[in-house]
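Chain by chain, the residues run as shown.
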Amino acid sequence: MREMLYAEALVESLRRRLATDERVHLMGLYFLGLTKHREIMARLHADYPGRVYHPPIAEVGYVGVAIGAALAGLRPIVDIATASFIFQAFPQIVNEAANIHYMSGGSTKVPMIFHFNHGIRGGGAAQHTHSPQAMLWNTPGLEIMAPSTPRDVMGLVKTAAASDNPTAWVDHVRLFDTRGPVPDDGDDFAIPFGVADVKRRGGDVTVFASSWMVLRALEAAETLGSEGIDVEVIDPRTLSPLDEQAILDSVAKTGRLVVVDECHRRCGVAAEIMAVVTENSFGDLVSPPVRVTTADVPIPFSPPLEQHVEPTTDKIVAAVRSVVGAAPG
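In this text, all values refer to a predicted model and were calculated from it rather than measured experimentally. (Residues numbered from 1 in each chain as written. Predicted model: local features only at pLDDT ≥ 70, side-chain atom pairs only at ≥ 80, totals over all residues. Heavy atoms only, no water.)

We now examine the overall build of the protein chain. Regarding its fold elements, the protein chain presents twelve helices and 14 strands. In terms of overall dimensions, the protein chain is globule-like: its C-alpha atoms have a radius of gyration of 20 Å, near the 20 Å expected for 329 residues. Dimensions of the protein chain, computed from C-alpha atoms along their principal axes, come out at roughly 65 × 45 × 45 Å. Within the span of the protein chain, comprising 329 residues, buried residues form 55% of the whole. Contacts in the protein chain between residues at least 24 apart in sequence constitute 80% of all its contacts with a sequence separation of at least 6. When the accessible area of the protein chain is evaluated, it comes to approximately 13500 Å², of which 54% is carbon and sulfur surface. Averaging the coordinates of the 28 positive side-chain charges in the protein chain and doing the same for the 39 negative ones gives two points 2 Å apart. (Helix = DSSP H or I, 4+ residues; strand = E, 2+ residues; numbered from the N terminus. Rg over C-alpha atoms; globule rule 2.2 N^0.38 Å. Buried < 20%, exposed > 50% of the residue type's maximum accessible area, 1.4 Å probe, protein only. Contact = heavy atoms within 4.5 Å. Areas by Shrake-Rupley, 256 points an atom, 1.4 Å probe, with all protein chains shown as cover. Lys, Arg positive; Asp, Glu negative; His and termini not counted. Charge placed at Lys NZ, Arg CZ, Asp CG, Glu CD.)

In structure tokens:
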């Protein structure tokens, strides 16, 4: 094993896909956003000049081109950059890519990946801070992955690139500077979709979190551990397919649930997870489950207001304390 930045692991995962499958092509320049790590991506572009394209800013157009390339036998990986820009391409993603396999009676596949950076990153304001994964989850036909560690991004990208289904790759720029262990160069591995990961084991309360929120949940767990509260952190890694059993097994053990997510509260990822648990494991709960989400307002530009509406570590700590304190006995 070796340590890598998340940004390095992301680019390495793309490099491996380009090296091992000539059908893989990249479309887009901003996989790493407008960050200091763009130079890493630039080196990859230089190494594969004939298989990396820089389309004009016309999301509905270049996503449509990529869908056509997938139908013709390629396996494009398309960077939409800031998640909010995916709304410009919604007709192609949710009404074309997601439906083609079904509407063709299974005879036609759309093997491609849509990458975007979601969430609150500091000063993005209302038009550059969306987390649209719940909207995409409401679209049958799409796979959705949300890695939170360097190891997970490498393993999930391999699985997504080999899938015959269109996959939404939910990313977060705040992950790029985080570090973690990854397998050595010779160990090209895959992480199967639909298999959650227990990022921290505990017996008092289950905290469900994905993407950047996993790190905040782990920070909260450390604080709570010093108070004698033993937190288990469940990272689904993919939303579609979702490893429901891993969540239910954890809640059966702890009896308590806090769901953390950067989507808005209404009809968000957190709402679905709470529905899954209350429908299937209501009898295991010893206190009402709690959601920690982004408030139902457009994201403000002001840093203090931005922090006020986002799911912070302190809010997770407070939510866990509330469910533990609400339990009988």
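Okay, back to it.
Here we come to the side chain of threonine 254. As for its position among the elements, threonine 254 is in helix α9 (residues 244-254). Overall, threonine 254 belongs to the buried group, its relative accessible area being 5%.

Tracing the sequence through the fold places asparagine 117 in strand β5 (residues 113-117). Distance in space between the C-alpha atoms of asparagine 117 and leucine 32 is 8.3 Å, their sequence separation being 85 residues. Setting aside residues up to four positions removed in sequence, asparagine 117 forms contacts with Tyr30, Phe31, Leu32, Gly33, Ala81, Thr82, Ala83, Asp171, His172, Val173 and Phe176.

Time to look at the environment of tyrosine 102. Relative to the assigned elements, tyrosine 102 resides in helix α5 (residues 100-103). Sequence separation of tyrosine 102 and proline 140 is 38 residues, and the distance between their C-alpha atoms is 9.8 Å.

A separate point is the state of the cysteines. Tallied over the entire structure, the rule returns zero disulfides. Counting only cysteine sulfurs, cysteine 267 is the nearest neighbor of cysteine 263, a cysteine outside any disulfide, at a range of 11 Å. (Disulfide = S-S within 2.5 Å.)

Moving on, we come to unusual backbone geometry. In this structure, the amide linkage connecting serine 240 to the following residue, proline 241, adopts the cis form with an omega of 5°. Mapped onto the elements, proline 241 comes out in the loop between β12 (238-240) and α9. Phi is positive for serine 211, which is not a glycine, with a value near 55°. As for its placement among the helices and strands, serine 211 is situated in the loop between β10 (205-208) and α8 (212-225). Of note in the backbone geometry, cysteine 267 takes a positive phi value of approximately 60° without being a glycine. Its location among the elements puts cysteine 267 in the loop between β13 (257-264) and α10 (269-281).

Moving on to the sheet that holds strand β7 (residues 167-171). The strand order across the open sheet formed by seven strands is β3-β2-β4-β5-β7-β6-β12, and the pairing between neighbours is mixed. Because the sheet does not close on itself, it has two edges, and the strands there are β3 (52-53) and β12. One ladder, built from two bridges, connects strand β6 (residues 143-145) with β12; its direction is antiparallel. From the neighbouring strand, isoleucine 144 faces β12, where its bridge partner is serine 240. Against the sheet, helix α3 (residues 59-71) engages β2 (24-27), β4 (75-82) and β5, with an angle of about 165° to β4. (Pairing = 2+ DSSP bridges. Axes fitted to C-alpha atoms, helices over the stretch in contact; angles between N-to-C directions.)

Attention now goes to the nonpolar core. With 55 residues, the main nonpolar core has Leu10, Leu14, Trp169, Val231, Val258 and Val320 as its most contacted residues. With near-sequence residues (within four places) excluded, valine 231 lies in contact with Arg200, Arg201, Gly202, Val205, Val207, Ala221, Leu224 and Val320. Judged by nonpolar contacts, the second largest core, of 46 residues, contains Leu257, Cys263, Ile273 and Val277. (Core = buried A, V, L, I, M, F, W, Y, C linked by side-chain atoms within 4.5 Å.)

Here we take up the sheet that holds β10. The five strands are arranged β9-β11-β10-β13-β14 in an open sheet whose pairing can be described as mixed. Edge strands, defined here as strands with exactly one partner in the open sheet, are β9 (197-200) and β14 (290-294). Within the sheet, the average angular offset between the axes of one strand and its neighbour, ignoring direction, is 25°. As paired elements, β13 and β14 share four bridges and run parallel to each other. Across the sheet, valine 258 pairs through a bridge with valine 290, a residue of β14. Across the sheet, α8 lies against β9, β10, β11 (231-235) and β13, angled at about 170° from β11, the strand it touches most.

With respect to the element layout, glutamate 143 can be found in strand β6. One buried charged residue, glutamate 143, remains without a salt bridge, the closest side chain of opposite sign being arginine 75 at 8.7 Å. A distance of 2.9 Å separates a polar atom in the side chain of glutamate 143 from a polar atom in the side chain of serine 163. At a separation of 3.1 Å, a polar atom in the side chain of glutamate 143 contacts the side chain of asparagine 165. Once residues lying within four places of it in the same chain are set aside, the contact partners of glutamate 143 are Ser163, Asn165, Pro166, Thr167, Ala168, Phe193 and Ser240. (Salt bridge = Lys/Arg side-chain N within 4 Å of Asp/Glu carboxyl O. Polar contact = N/O pair within 3.5 Å; in protein donor to acceptor, adjacent residues only side chain to side chain.)

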